[in-house]
Protein chains: 2
Amino acid sequence: MVKRKSLKGDYCPSARSLDAIGDWWSLLIVRDAFDGMSRFGEFQKSLGIARNILSDRLRTLTARGILETVPAADGGARQEYRLTAKGRDLFPVMVALRQWGEQHLFAPGEKHSRLVERSSGQTVRLLVRTEDGRPIGAEESVILKVPEAEES
Amino acid sequence: MVKRKSLKGDYCPSARSLDAIGDWWSLLIVRDAFDGMSRFGEFQKSLGIARNILSDRLRTLTARGILETVPAADGGARQEYRLTAKGRDLFPVMVALRQWGEQHLFAPGEKHSRLVERSSGQTVRLLVRTEDGRPIGAEESVILKVPEAEES
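Note that the structure is predicted; figures quoted are calculated from it, not measured.

A. Examining the overall build of chain A more closely. Along its length, chain A carries seven helices and five strands. Starting at the N terminus and ending at the C terminus, chain A contains elements arranged as α-α-α-α-β-β-α-α-β-β-β-α. Principal-axis analysis of the C-alpha atoms gives chain A an extent of 55 × 45 × 30 Å. In chain A, which comprises 152 residues, the proportion classed as buried is 49%. The contacts in chain A between residues at least 6 apart in sequence include a share of 37% that link residues at least 24 apart. Looking at chain A as shown, the accessible area adds up to about 7400 Å², and 49% of this sits on carbon and sulfur atoms. Taken as two groups, the 24 positive and 21 negative side-chain charges of chain A have centres that lie 6 Å from each other.

What follows is the structure, encoded as structure tokens:
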């Protein structure tokens, strides 16, 4: 991984989020956890990732309160990984990445997995909006910096 | 950067998006571009990133159609970087990361930058919803895999 300054103290919540999540692997682990995976072997098979890297990422995600370990559902000695409430709150991030991928990274007619409402089969979509519910784009938005941070 | 299999051919749009975006640096460059930055020096100052790494990431983002180069607005010899339509469509990803950061990575009362509607000052929010507009959470959603991809 490229060495960089930590963004942990950054005033920008996006930057802190990127710092907290860690890297792409971590976000793919989160995706698989949303998809119902909980066991080390399941993540490994899904991601094709080396054991030591997976161990490290699972440990970091747990330390940061995104995953938590729980005793195995089958009563075995293994532990399983489960999204915490903080981890589940990453759902909109996953949906946003998915939506962009669907829009731009598939050829017309090319098949892709779909995120749907379980009960109705309706596609899950994401809307950026104002407090009173109007859709809003990047052009109409502006970032208000924290005054103390502006001078740097 | 950790070596990994490419996710370019993955059936999951989230995985392809992560692959296309590249890494955290790239997403922070995109954030700064949304924030109005366009010049090499502006990105460098904002991110505290080595010139060679920044060059590489700008080149990759341009090759992937997320940024495009345009002649400098002041008529100088420099080129500037601008988000393409594909790049601007990453707006919901940035908003989602920001919102999660605001929820979970700041102490109560701690200051952070805010994303607001330029004209009204209203906070920009993000809603995950069904096609007919109902809010929906991760628990009510399910990923439908592409049949051909299921056997692996």
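B. Representation of the relation of the copies chain A and chain B. For the match of chain A to chain B, the screw axis carries a shift of 0.0 Å, the RMSD comes to 0.0 Å, and the turn is 180 degrees. What the superposition gives is, in effect, a two-fold axis relating one chain to the other. Counting the interface residues of chain A, we find that 100% of their copies in chain B are interface residues as well, pointing to one common contact surface.

C. Expanded view of the pattern of salt bridges. One pass over the full model with this rule turns up 22 salt bridges over all chains. The shortest N-O distance in the salt bridge between Glu117 of chain A and Arg134 of chain B comes to 3.0 Å. Here Glu117 of chain A, found in strand 3 (residues 114-117), pairs with Arg134 of chain B, found in the loop between strand 4 (124-130) and strand 5 (141-144), and the two come from separate chains. Under the relative-accessibility criterion, Glu117 of chain A is labelled buried at 7%. By relative accessible area, which is 35% here, Arg134 of chain B ends up partly exposed. One salt bridge in this structure joins Arg88 of chain B and Glu139 of chain A, with 3.3 Å as the shortest N-O distance. In this pair, Arg88 of chain B sits in helix 5 (residues 85-88) while Glu139 of chain A sits in the loop between strand 4 (124-130) and strand 5 (141-144), so the two residues belong to two different chains. Among the residues examined, Arg88 of chain B registers a relative accessible area of 36% and is labelled partly exposed.

D. Looking closely at the side chain of Arg16 of chain B. Note that Arg16 of chain B resides in helix 1 (residues 13-21). A polar side-chain atom of Arg16 of chain B sits 2.7 Å from the main-chain carbonyl oxygen of Leu105 of chain A.

E. Main features of the interface of chain A and chain B. Residue-level contacts link 85 residues of chain A with 85 residues of chain B. Contact between chain A and chain B buries roughly 8300 Å² in total, counting both sides, with carbon and sulfur atoms accounting for 63%. On the surface where chain A and chain B come into contact, there are eight salt bridges. With a shortest N-O distance of 2.8 Å, Glu110 of chain A and Arg16 of chain B are connected by a salt bridge. When residues of the side of chain A that touches chain B are assigned to their parent elements, the largest contribution, 13 residues, is made by helix 6 (residues 91-104) of chain A. Here the side of chain A that touches chain B is built from residues that sort into 41 nonpolar, 16 polar and 28 charged. Summarising the sheet, strand 5 of chain A and strand 3 (residues 114-117) of chain B pair through four bridges and their orientation is antiparallel. Looking across to strand 3 of chain B, one finds that Ile143 of chain A is bridged to Leu115 of chain B.

Cut-offs applied
Residues numbered from 1 in each chain as written. Chains lettered and ligands numbered in written order. Predicted model: local features only at pLDDT ≥ 70, side-chain atom pairs only at ≥ 80, totals over all residues. Heavy atoms only, no water. Helix = DSSP H or I, 4+ residues; strand = E, 2+ residues; numbered from the N terminus. Buried < 20%, exposed > 50% of the residue type's maximum accessible area, 1.4 Å probe, protein only. Contact = heavy atoms within 4.5 Å. Areas by Shrake-Rupley, 256 points an atom, 1.4 Å probe, with all protein chains shown as cover. Lys, Arg positive; Asp, Glu negative; His and termini not counted. Charge placed at Lys NZ, Arg CZ, Asp CG, Glu CD. Least-squares fit on C-alpha atoms with pLDDT ≥ 70 in both. Salt bridge = Lys/Arg side-chain N within 4 Å of Asp/Glu carboxyl O. Polar contact = N/O pair within 3.5 Å; in protein donor to acceptor, adjacent residues only side chain to side chain. Buried area = accessible area lost by both parts, 1.4 Å probe. Nonpolar A, V, L, I, M, F, W, Y, C, P; charged D, E, K, R; others polar. Pairing = 2+ DSSP bridges.

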